Amino acid sequence: MSEKKDQEKAKVTLEKLVSLSKRRGFVFQSSEIYGGQSGAWDYGPLGVELKKNIQGVWWKEMTQMHDNIVGLDAAILMHPRVWHASGHVENFTDPLIECKGCRGRFRADHIDPKGACPTCGKKDTLGEPRKFNLMFTTHIGPVEETASTIYLRPETAQGIFVNFKNVVSSSRVKVPFGIAQVGKAFRNEIVTKAFIFRTAEFEQMEMQFFIHPKEEPKWFEYWKQSRIEYYSKLGIDPAHLRFHQHGKDELAHYAINAFDIEFLFPMGWQELEGIHSRSDYDLRRHQEFSGDKQEYLDQETQERYLPYVIETSAGLTRSVLMVLTDAYEEEVLGEGDVRTVMHFHPNLAPVKVAVMPVVKKDGLLELAQKLEMDLREDFATMLEPTGNIGKNYRRQDEIGTPYCVTVDHTTKEDNTVTIRYRDSMKQERVKISELVGFIRNNMKNYQRGQ
Ligand code: ATP
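Fair warning: this is a prediction, and the values are worked out from it, not measured in the lab.

Chemist: Any chance you could break down the pairing of strand β22 (residues 416-421) for me, citing the residues and the numbers?
Modeler: Of all six residues that make up β22, six are buried, and the element is covered over most of its length. Burial of the side chains of β22 extends over both faces: T416, T418 and R420 are buried on one face and V417, I419 and Y421 on the other. Across four bridges, the pairing between strand β21 (residues 403-407) and β22 is antiparallel. Bridge pairing in β22 places T406 opposite T418. One ladder, built from five bridges, connects β22 with strand β23 (residues 427-431); its direction is antiparallel. Counted as the bridge partner of T416 is K431 from β23. Adjacent in sequence and paired antiparallel, β22 and β23 are bridged by five residues, among which M425 carries a positive phi angle near 65°.

If you want it as structure tokens, here you go:
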């Protein structure tokens, strides 16, 4: 058992996360060999697993744990009228200010429009704010003409609204019920920044909950609480989460009330998820623009009405940054000995169990190989074949593997192995025949630091 000599914790910076992500294969810069593409990032072998695991926990929370929420996977490309109806063509804009000196572009609400240019420092060069629409446009079909203009969706929500009637008529759902969706969204952000925090291409996890208008206060409160509590399932420190209520001037064009859940990112408190009360704005607008009635008929009361909607809208790629931030620790073990460890919740860890022989010889490598193969059915595993235990532990700590299983000479005699916990570095002896149940149980009851 290793003693922790020092509990000092180094502050995590974006630079450290970018560097670890590249070194270990979580996130790479898009098109790096061509100098990189701003606003886009690629998820490497471990990053894609982490992202899928976060998505899996969210999906389970929404669809499996609620009997009144169903899933959907709508196309990214939608009829252009959708975006006229939703208000995005008209309103989905940011105020843009350009510097006449260096041509730098800024969001007017992020700088002092009367001050000096934040890039070149010149005074009196900042122009008047103008509206800049964040939607990417492209063309569908062989002819580039206005009639063929199509948008890359800036949110997944509209795919849900236009399928409201399809879902009602094809499934057993009754108001109140929700539709959940995960998918890509695109925004031509004036400034993309902070690693994967604000990007042009990103993923959202959204759920629209359809309710009777009278029940708006009840459900808004329910989803506010439910969503903040959910983050404990990702193992996030509650002290790093808080609510921010939108003021009147902050509300989006469709919202009557909105709270953000903010997380303490390396660059400070920032939005992670929005909980929006959208009234019947979207269904009403689609009804108006399409001419197709969107009303819901309550079979019991025979009341016909347009349901109100409470939306929960979380960034998936932004959640990856949250999880990386919260998990990162540089633990000082001794003079000049720093252990970098990612304290991922075991449900999120890209690799759950690493299996290694204490030495490569005496048939121990083969034994470890066999054990790793046997565990694959139950867990995401990795074989560490080198026999260099110290180095293997450190590498697995850095990619956040919660359990390292070591095969040694005693294993050959009594079929037991050593299991070593990532957080505490404690070790225990476990029978191979009981290993799967043992790890499962441990994952279920995981507490950070164990
Ligand atoms: P902001 O005001 O910061 O531009 P927003 O309030 O418009 O963001 P929403 O439209 O509420 O954001 O989007 C819901 C969620 O989608 C956000 O909480 C965030 O997690 C995620 N998201 C939005 N824009 C981006 C982006 N450019 N890159 C990554 N994630 C994003």
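Chemist: If you had to explain the nonpolar core to someone new, which residues and values would you point to?
Modeler: F26, L50, W223, Y231, M322, L324 and F344 are the most contacted members of the largest nonpolar core, which totals 55 residues. Looking at this core element by element, the count peaks at seven residues for helix α9 (residues 316-327). With residues up to four places along the chain from it excluded, the contact list for F344 reads F26, L50, V323, L324, A327, A349, P350, I399, G400, R422 and Y446.

Chemist: Residue-level account of unusual backbone geometry, with values.
Modeler: For the bond running from V175 to P176, omega is 5°, close enough to zero to count as cis. Summarising the element assignment, P176 is placed in the loop between α6 (164-170) and β9 (177-186).

Chemist: Pulling in residues and values, what's your account of the packing of helix α1 (residues 14-24) against α9?
Modeler: Where α1 meets α9, the closest approach of the two axes is 11 Å, and the angle between their N-to-C directions is 100°. Comparing their axes, α9 and α1 come out roughly perpendicular. Note on element contacts: α9 touches α1 through L321, L324 and T325, opposite L14, L17 and S21. Among the residues forming the contact of α1 with α9, the class breakdown is four nonpolar, two polar and no charged.

Chemist: Tell me about the domain arrangement of the protein chain, residues and numbers included.
Modeler: Accessible area lost upon the coming together of the parts serves often as the stated size of an interface. Along its sequence, the protein chain is organised into domain 1 (3-79 + 155-324) and domain 2 (351-444). A C-alpha centroid distance of 36 Å is found between domain 1 and domain 2. Taken together, the seven residues of domain 1 in the interface contact eight residues of domain 2. Roughly 580 Å² of surface becomes buried between domain 1 and domain 2 when both sides are summed, with 54% attributable to carbon and sulfur atoms. Counting across the domain 1 and domain 2 interface gives two salt bridges. Among the ionic pairs, E398 bridges to R23, the shortest N-O distance being 2.3 Å. Our count for the contact surface shared by domain 1 and domain 2 stands at two residue pairs in polar contact (both at pLDDT 80 or more). Secondary structure elements with two or more residues in the side of domain 1 that touches domain 2: α1 and α2 (45-64). Ranked by residue count, the leading element in the side of domain 1 that touches domain 2 is α1, at three residues. Along the lines of polarity and charge, the residues of the side of domain 1 that touches domain 2 split into three nonpolar, one polar and three charged.

Chemist: How would you summarise the packing of aromatic side chains if you had to cite specific residues and measurements?
Modeler: The full count for this structure, using the stated rule, is 18 aromatic pairs. Relative to W59, the ring of W58 lies with its centre 6.2 Å away and its plane at 45°, an arrangement referred to as tilted. Take W59: its relative accessible area is 31%, and that puts it in the partly exposed class. Here the aromatic rings of F209 and W223 are separated by 5.3 Å at their centres, their planes lie at 65°, and the arrangement is edge-to-face. One end of the pair, F209, is in strand β10 (residues 201-211); the other, W223, is in helix α7 (residues 216-230), and 14 residues separate them in sequence. Comparing F209 with W223, the two get one shared label, buried. A network of ring pairs unites the aromatic residues F161, F164, F177 and F210 as a single cluster. Here the guanidinium or amino end of R278 rests over the ring plane of Y254, the centre of that ring lying 3.6 Å away. The ring of Y393 has R420 lying over it, and the distance from NZ or CZ to the ring centre is 4.2 Å.

Chemist: Mind laying out the environment of G71, listing which residues take part and the relevant values?
Modeler: Tracing the sequence through the fold places G71 in strand β3 (residues 69-71). On the basis of relative accessible area, G71 is assigned to the partly exposed category, the value being 37%. Sequence separation of G71 and M207 is 136 residues, and the distance between their C-alpha atoms is 8.8 Å.

Chemist: Could you give an account of the site of the ligand, naming the residues involved and the relevant values?
Modeler: If you check the shell around the ligand, you find 16 residues, and the closest are E189, R198, T199, E271 and L272. At 2.9 Å from an oxygen atom of the ligand is found a side-chain nitrogen or oxygen belonging to R187. For the ligand, an oxygen atom lies 3.2 Å from a polar atom in the side chain of Q204. Bound to the protein, the ligand loses 87% of the 610 Å² it would expose on its own. Here the shell around the ligand takes five residues from strand β13 (residues 268-279), the largest share from any one element. When the residues that make up the shell around the ligand are grouped by side-chain class, the tally is three nonpolar, six polar and seven charged.

Analysis parameters
- Residues numbered from 1 in each chain as written.
- Predicted model: local features only at pLDDT ≥ 70, side-chain atom pairs only at ≥ 80, totals over all residues.
- Heavy atoms only, no water.
- Buried < 20%, exposed > 50% of the residue type's maximum accessible area, 1.4 Å probe, protein only.
- Helix = DSSP H or I, 4+ residues; strand = E, 2+ residues; numbered from the N terminus.
- Pairing = 2+ DSSP bridges.
- Core = buried A, V, L, I, M, F, W, Y, C linked by side-chain atoms within 4.5 Å.
- Contact = heavy atoms within 4.5 Å.
- Axes fitted to C-alpha atoms, helices over the stretch in contact; angles between N-to-C directions.
- Parallel < 35°, antiparallel > 145°, perpendicular 65-115°, else oblique.
- Nonpolar A, V, L, I, M, F, W, Y, C, P; charged D, E, K, R; others polar.
- Domains from an automatic or database assignment.
- Buried area = accessible area lost by both parts, 1.4 Å probe.
- Salt bridge = Lys/Arg side-chain N within 4 Å of Asp/Glu carboxyl O.
- Polar contact = N/O pair within 3.5 Å; in protein donor to acceptor, adjacent residues only side chain to side chain.
- Phe/Tyr/Trp six-rings, centres within 6.5 Å; stacked < 30°, edge-to-face > 60°.
- Lys NZ or Arg CZ within 6 Å of the ring centre and 35° of its normal.
- Near = heavy atom within 4 Å.
- Areas by Shrake-Rupley, 256 points an atom, 1.4 Å probe, with all protein chains shown as cover.

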